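Residues per chain, in single letters:
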Amino acid sequence: GGVNLVRRVGGGMDPFAASLSGTTNSTTWDIFTRKKFGRLELAAEAPITSGRISGVTASTYALALEGRYAASDAWNFSTRLGHIPGQSGDASKIRGFFAHPNYKLGLILFNYQLAGLSGINLGSGALTSVFNAPLTNANYLHLAGDYTSGKWQFRGSWTYAQALETAGTTGSRYYNQWTRAFEDGGGSVAQASSLGWELDAGATFHWDDHFEFKADTGAFMPGDFFKYTAADPGNQTGTVLAFVIGVGAKF
């Protein structure tokens, strides 16, 4: 176990109003622990942030839990649970938390920003990039398992998530986690919280100690969260499919 202490002191632009600026004086306590009980391994991490960031009061935390069980030399099972809050519609306080981009769950939902596929992703529009997808605004459950036989490894996983902050009806205000801007709610129906679920499967062939070949495929069934628009009718959603192949070299 341990604690990482991060102090940030400086200045910068107000994250919610580009025309304003303010000082940054924030503290993050990142508490983590891991314990192994024979074939079972448990881990937890809880970063807690408070202070002021570019003139705006910050008070937020996140929680990530992990469990791994080695049933045999061939079979391994794991689970991940997490609470990563999103920014609310209140511009007077920072409550949103963005996990490190390298913390991935699944192949599609928390790996690519699907909203970026609807716009032009060239030039300086970094916020519309499909690769700008840090994990935020979600309670999630991830179950996975893998089987190793000789040079082959076969794996599969299932992921489900719900949003913590959603858009309301006309007259309300919410924070768009993708564009990172406040927007007015619209329509007579509030945004649903279900982000949907994803099923992934893959295989890796270890040619030798240095080279490996792998292939992964995933199917994401979007939840009603993605159907919301500021005006009726809502978005039409369908199954999202992905297929990735790769070659790796280790030295």
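For clarity, every value in this text was computed on a predicted model and none was experimentally measured.

**Here's the deal with the side chain of Ser26**
Item 1. Relative to the helices and strands, Ser26 resides in strand 2 (residues 17–37).
Item 2. For Ser26, a relative accessible area of 2% puts it in the buried group.
Item 3. When sequence neighbours within four positions are dropped, the list of residues in contact with Ser26 reads Val6, Arg7, Arg8, Ser50, Gly51, Arg52 and Ile53.

**Let's talk about the nonpolar core**
Item 1. Ranked by internal contacts, the top residues of the largest apolar core, which has 19 residues, are Leu109, Phe110, Leu135, Tyr140 and Leu195.
Item 2. Leaving out residues up to four positions away in the same chain, Leu135 has contacts with Ile84, Phe97, Phe98, Ala99, Tyr103, Leu105, Phe110 and Tyr140.

**Regarding unusual backbone geometry**
Item 1. For Ser54, which is not glycine, the phi dihedral falls at a positive 50°.
Item 2. Here Ser54 shows up in the loop between strand 3 (40–53) and strand 4 (56–61).
Item 3. The phi torsion at Asn137 lies on the positive side, around 55°, for a residue other than glycine.
Item 4. Mapped onto the elements, Asn137 comes out in the loop between strand 7 (93–94) and strand 8 (138–149).
Item 5. Here Asn137 falls in the buried class, since its relative accessible area comes to 4%.

**So, the pattern of salt bridges**
One side chain can pair with another of opposite charge once the charged atoms of both are near each other.
Item 1. For the structure shown, the criterion picks out eight salt bridges.
Item 2. Here Arg155 ties to Asp216 by a salt bridge, and the two come within 3.1 Å at their closest N and O atoms. Here Arg155 is found in strand 9 (residues 152–162), whereas its partner Asp216 is found in strand 13 (residues 211–222), with 61 residues between them in sequence.
Item 3. Its salt-bridge partner being Asp224, residue Lys227 comes within 3.3 Å of it at the nearest N-O pair.
Item 4. Judged by relative accessible area, Lys227 falls into the partly exposed class, the value being 37%.
Item 5. One salt-bridge network, in which partners are shared between bridges, spans Arg34, Glu41, Glu66, Arg68 and Arg80.

**Regarding a nonpolar patch on the surface**
Item 1. Together, Val3, Leu5, Trp29, Ile31, Ile48, Tyr61, Leu63, Leu65 and Leu81 give the surface a local cluster of nonpolar side chains, amounting to about 800 Å² of exposed area.
Item 2. When residues of the nonpolar patch are traced back to their parent elements, those giving at least two are strand 1 (2–14), strand 2 and strand 5 (63–70).

**Thoughts on the packing of aromatic side chains**
The description of an aromatic ring pair rests on the distance of the ring centres and on the angle between the ring planes.
Item 1. Tallying each qualifying case throughout the model produces eleven aromatic pairs.
Item 2. Taking the centre distance of 4.9 Å and the plane angle of 45° together, the rings of Trp152 and Phe205 count as tilted. Here Trp152 is found in strand 9, whereas its partner Phe205 is found in strand 12 (residues 194–206), with 53 residues between them in sequence.
Item 3. The partly exposed category is assigned to Trp152, whose relative accessible area is 40%.
Item 4. With a centroid separation of 6.2 Å and an interplanar angle of 80°, the aromatic rings of Phe205 and Trp207 are classed as edge-to-face.
Item 5. By way of ring pairs, the aromatic residues Trp152, Phe154, Phe205, Trp207 and Phe213 are connected into one cluster.

The rules behind the values
Chains are numbered independently. Their residues run from 1 in the order of the written sequence. Totals for whole chains, interfaces and linings use all residues, but because this is a predicted model, local features are given only for residues with pLDDT of at least 70 and pairs of side-chain atoms are given and counted only at 80 or more. Hydrogens and water molecules were not included; the side-chain quantities draw on all heavy atoms of the structure. Runs of H or I in DSSP of at least four residues are treated as helices and runs of E of at least two as strands, each being numbered from the N terminus. A 1.4 Å probe rolled over the protein chains alone gives each residue an accessible area, and that area as a share of the maximum for its type sets the label: buried under 20%, exposed over 50%, partly exposed in between. What makes two residues a contact is simply this: any of their non-hydrogen atoms within 4.5 Å. Grouping buried Ala, Val, Leu, Ile, Met, Phe, Trp, Tyr and Cys residues that are joined through side-chain atoms within 4.5 Å yields what is termed a nonpolar core. Salt-bridge detection follows one rule: a side-chain nitrogen of Lys or Arg within 4 Å of a carboxyl oxygen of Asp or Glu. Like charges are joined within 9 Å and nonpolar side chains (Val, Leu, Ile, Met, Phe, Trp, Tyr) within 5 Å, but only among residues with over 30% relative accessible area and no salt bridge; these make up the patches. Note that accessible areas follow from Shrake-Rupley with a 1.4 Å probe, and for residues the cover is restricted to the protein chains shown. The criterion for an aromatic pair is that two Phe, Tyr or Trp rings (for Trp, the six-membered ring) have centres within 6.5 Å, with stacked assigned to planes under 30 degrees apart, edge-to-face to planes over 60 apart and tilted to the rest.

These results come straight from atomic positions and should not be treated as a statement about function.
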